[in-house]
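These are the residues of each chain, in order.
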Amino acid sequence: MTVPLLDIRNLHLAMRSFEGEAHVLNGVELCVNRGEIWGLVGESGCGKSLTGLSISRLLPEPPARYISAEITLEGRDLRALSPREMQALRGKRIGMIFQDPTTNLNPTARIGTQLVDVALAAARHDPTILPPARSRRAGARALALDMMRQVGIPDPEARMMSYPHEFSGGMRQRVLIAMALIGRPDLLIADEPTTALDVSVQAQILTLLKAMVAEHDLGVILITHNLGVVAQTCSHVAVMYAGNVVERGPVRQVIERPAHPYTRALMAAIPTRDTPRGGLQGLEGTVPDLIQPPPGCRFAPRCTRATEACRAAVPPLTPQGPGHEVACLHPVTEDAPHV
Amino acid sequence: MITFILRRLLMLVPVLVGLTVIMFAIARLLPGDPVGLAAGPNATAAERAALAAEFGLDRPVWEQYGTYVAGLVQGDFGTSLLTRRPVAADLAAYLPATLELVLAAMLLAVGLGIPLGLLTALWRNRWPDYLSQVLAIGAISMPRFFLGLLLQLCFAMWLNWLPLAGRLPIIVFPPDPITGFITIDAALTGQWDVLRTALLHLLMPALALSLSPLATIMRMMRSSTIEVMGQDYVMTARALGLPRHLILTRTIARNAVSATLTVIGLYFGWLLGGTVLVETVFDWPGLGLYATKAILSQDMMPVIGVALVIGLLFVFANLLIDLAYGLINPKVRYS
Amino acid sequence: MTDAVSVPPRPDRLARALFRFRQSRLSVIGAVMVAVVLLLAVFGPMIAPYPQDIAGAVSTAERFQPPSLAHPLGTNELGQDVLSLTLGGTRVSVLAGFGVVLIGAAIGTLVGAVAGYVGGWTDEALMRLTDLTLTIPGLILAMAIAAALGPGFQNMVLAISLSWWPGYARLVRGEVLAAREEVYVTAARALGAGPGRILFRHVLPNCVSPIIVKMSLDMGFAILTVAGLGFIGIGVRPPTPEWGTLLSTSRAYMPDYWWTAMGPGLAMFIAVFGFNLLGDGLRDSLDPKGRR
């Protein structure tokens, strides 16, 4: 059994706000291997972005406070690293893409400069990523051009001199992907990379991501609230609710045989051609208050199958099928009504 | 880029015209006695009549304006009663000294203001930041001429570290005027001791003139740095592992400075205005001192001439800053 | 969550602004300083130990006395008590500063309101005029106008005001442009109100807050400009004490009689410092998205 690329256990995070301290991550468990694209889905506020940021330790502490966290990257304990050691991993072993390509690029620096900067920073730790050239800068430049070609930016020689505002949204996101991958990371965390893009561009970006994974043998965490994206692109999926991973496993398993009541509700809510007018299925109730969360399963207040045992303690992840786990004391075993 | 420059130059023309209109209005149309002011308090009736005819005060206003502008274009700014020379010649003689002082002050204000602003933003809300805020307000509140006086008292009269006034000691010959800037000319001709003493003379006036804009630039830079630090692209730069010094310069500083640059143009105008006061304190032979002496003798033409020249300088300085802004912030070039 | 949207009434907004103001130690200090300065401006000549000196009395026997109990800031070349002169100068400088700011604000508000409300060519023309006035640095423009108008206190105040109004014109024009689109203006027009009435009864009262903030921020610099002109020699005639003029005459007696400069100089600094703190505090409390 090989060491997993990324292993998150027991991630408990509290965030201080005006109203009090919110227990935003309640024991997140996630395990990613190379070649896997994990979709991390859930509604807004369930903690998926925070999970991504926690891996790279990008959250300022305060207001964040880690109650407990065990995060290892190929066996290496990330929580034990000094800030300098962590900085050595960012961009080099862990790449990140954020949601809005408009605001995530430095407006006053040329694209080429931004790519070369990341490449040089990565090369300081691993000079082998640079192709042989007369100087490090020339090598970094060649690498940047190569990455731009890989992500599908036409005429990269000329585009290197452009500024971010001269690119379209889709192009900018490609640039961000190039920047995230130029350091040859092992793990890529993409936080809603297509949400701000047109549907047609979305498809292109997702295809690109899959190609990158195949090419560079990455592990990917794709954070999204769009189940369609997950079904198309991901190999595995983890469903989050109110700070917990409530179900996880291979994507076909979870989508065809959702075991957690919340997952089933999510699937049922997706309209299809056959959904009659007025037949949209929502879910009763609202997300719990994270400052005073329910003690046990956080979905219990909205769950039709909940019992006293559910309210007593958070259910652990238990196997449901091959690679398929669910955090529920009363999982559903039938197939989903539609797929 | 070229079209940007040309467009900005074209927008200058109406401004320059407007400047002359305003100056003409002040010189000729304000209540007050233009003939009396131009002729001086000791003129005879005949001299006054001659001047009235020369000014063409019986002609329609727009014709008067026309003659005025025609005169300006030919370099005729009137004659100074005090120096008995054409004002234009006086202006040319005194301009370099003022420029040298203002540029030195600008260098100090920007060269110290921007880094200090960056630093206080990085150390925000700790005691050095709080202290610098109070000091900044103090610096802005300090009258330039009083500051100059205090500097003179302290460093020239009591400690005897710096020279009291003027551009050079009387015994030192100024270098051949290549640019008119004593400092640059001395450097260009290799006269290092002249350069040294000229710099010592320049220090206190430049300090007195620059303290207030320095403080304001520092505050502006601080607030724009804080705003930039909260932007998404800074988070991305960190997430992608850029080294800290690069994040500071290329990501944070570059974006924060472009916001501060717009204010610098305004402060150039403030500096130009302030030379009047500082030059008076330090006996600095520039436009400001020239205008002050003229006012005290009720000599009108030099004052108008100085106002016109300073207005022109301000317009050109703003143009340069606009162009520099276009260089740093590429989006502006297309507006 | 409340169902109806409620806009807090004016007094409540004021109360909250006041609360925010009190939070900042510096703003409160500024307010206290300004209060002291204003008190001295009003009562200065009465509490001065040697009021006759303010009126112009000379006693050559007492020339150039260093600071002592009898004369805390010493005496000057005419034997006059520097402290009394400084106190007397407070009234002149503060009055002049107020005059400048008030007249400047009045002219600027008028120009800006008309430009913003009428729009079109009037707006263009007025804005060109505003921009042009700004191309000449304020002090120089004030000097030129003062030189053309001739000496005297009123001429000096007028001259500086004429260089001061563009800032207010721009500010008010912006506010009026924004307010013009508001529903209550359309409603007033529908009810048949003329432009003058709309401007004065509806639009302008809502602009008052930023104007007040700007006026308080400008007070300090207005006083500095007044003193600056006095230093050059434009403005009041002796024996009226004015900080700038006092400082100018004291220059000749440096360094031996340094105290003659300290009174007016420090007074200037303290007054402007107080007004700046107050102005900053007002801006931060009335406009919460402020600087910090």
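So, how was this worked out
What you see as residue numbers is a count from 1 along each chain, following the sequence as written. Both sets of labels track the order of writing: A upward for chains, 1 upward for ligands. This being a predicted model, a pLDDT of at least 70 is required before a residue's local features are given, and a value of 80 or more before pairs of side-chain atoms are given or counted; all residues contribute to the totals for chains, interfaces and linings. Should DSSP find at least two bridges between two strands, the strands are regarded as paired. Helical segments are the DSSP runs of H or I of at least four residues, strand segments are the runs of E of at least two, and each set is numbered from the N terminus. Note on geometry: axes are C-alpha line fits, over the in-contact stretch for helices, and angles between N-to-C directions span 0 to 180 degrees. Between 65 and 115 degrees an angle is taken as roughly perpendicular, under 35 as roughly parallel, over 145 as roughly antiparallel, and anywhere else as oblique. Crossing handedness is defined as follows: a turn of the near helix away from the far one that is anticlockwise and smaller than a right angle gives a left-handed crossing, while the clockwise case is right-handed. Here contacts are defined at the residue level, using C-beta atoms placed from the backbone and a cut-off of 7 Å between them. Gly is placed with the polar residues, together with every amino acid not listed as nonpolar (Ala, Val, Leu, Ile, Met, Phe, Trp, Tyr, Cys and Pro) or charged (Asp, Glu, Lys and Arg). Field definition: a residue is buried when 20 or more other C-beta atoms are found within 10 Å of its C-beta, exposed when 12 or fewer are, and partly exposed for counts in between, with C-beta atoms placed from the backbone.

(A) Spotlight on the sheet that holds strand β6 (residues 94–97) of chain A. Residue and element names in this part refer to chain A. One open sheet accounts for eight strands, arranged β6-β7-β8-β3-β9-β10-β12-β11; its pairing is mixed. This sheet does not close on itself; its edge strands, each paired only once, are β6 and β11 (318–321). This sheet shows a mean twist of 20° between the axes of neighbouring strands, independent of strand direction. Relative to strand β12 (residues 324–326), strand β10 (residues 244–250) runs antiparallel, the two being bridged by two bridges. Each residue of the ladder has a partner; that of R248, found in β12, is E325.

(B) Spatial organisation of the pairing of strand β2 (residues 20–32) of chain A. All names here are of chain A. Where strand β1 (residues 6–17) and β2 come together, 10 bridges link them in antiparallel fashion. If you follow A14 over to β2, its bridge partner there is H23. Connecting β1 to the next strand, β2, in antiparallel fashion are two residues.

(C) Geometry of the packing of helix α6 (residues 138–149) of chain C against helix α7 (residues 153–180) of chain C. Residue and element names in this part refer to chain C. Put simply, α6 and α7 touch, their axes get as near as 8 Å, and they point 140° apart. Looking at the two axes, α6 sits oblique to α7. Where α6 crosses over α7, the two elements pack in a sense that is right-handed. In this structure, α6 uses G138, L141, A142, I145, A146 and L149 to contact α7, whose residues at the interface are N155, M156, L158, A159, I160, L162 and S163. Grouping the constituent residues of the contact of α6 with α7 by class yields 10 nonpolar, three polar and no charged.

(D) Geometry of the interface of chain A and chain B. Counting residues at the interface gives 25 residues for chain A and 21 residues for chain B. Elements that contribute at least two residues to the side of chain A that touches chain B include exactly α3 (111–123) and α6 (169–181) of chain A. Counting residues per element, the side of chain A that touches chain B draws most heavily on α3 of chain A, which supplies four residues. A breakdown of the residues in the side of chain A that touches chain B according to their chemical character gives 12 nonpolar, nine polar and four charged.

(E) Spatial organisation of the sheet that holds β1 of chain A. All names here are of chain A. Pairing is antiparallel in the open sheet, where four strands are placed in the order β2-β1-β4-β5. The sheet is open, and its two borders are formed by β2 and β5 (76–77), each paired with just one other strand. Sheet topology places strand β4 (residues 64–73) next to β5; two bridges connect them, and they run antiparallel. Bridge assignment links T72 to a residue of β5, and that residue is D77. Against the sheet, helix α1 (residues 48–55) engages β1, β2 and β4, with an angle of about 110° to β1.

(F) Spotlight on the interface of chain B and chain C. Between chain B and chain C, the contact holds 44 residues from the first and 39 residues from the second. Of all elements in the fold, only α1 (2–29), α6 (127–141), α7 (144–158), α11 (244–282), α12 (287–296) and α13 (300–328) of chain B reach the threshold of two or more residues within the side of chain B that touches chain C. Considering every element that reaches the side of chain B that touches chain C, the biggest residue donor is α13 of chain B, with nine residues. Its residues assigned to classes, the side of chain B that touches chain C comprises 32 nonpolar, 12 polar and no charged.

(G) Representation of unusual backbone geometry within the structure. Residues and elements named next belong to chain A. Even without being glycine, D155 reaches a positive phi, approximately 50°. With respect to the secondary-structure elements, D155 resides in the loop between α4 (136–150) and α5 (156–159). Judged by the 10 C-beta atoms lying within 10 Å of it, D155 falls in the exposed class.

Coordinates in, geometry out; function isn't part of it.
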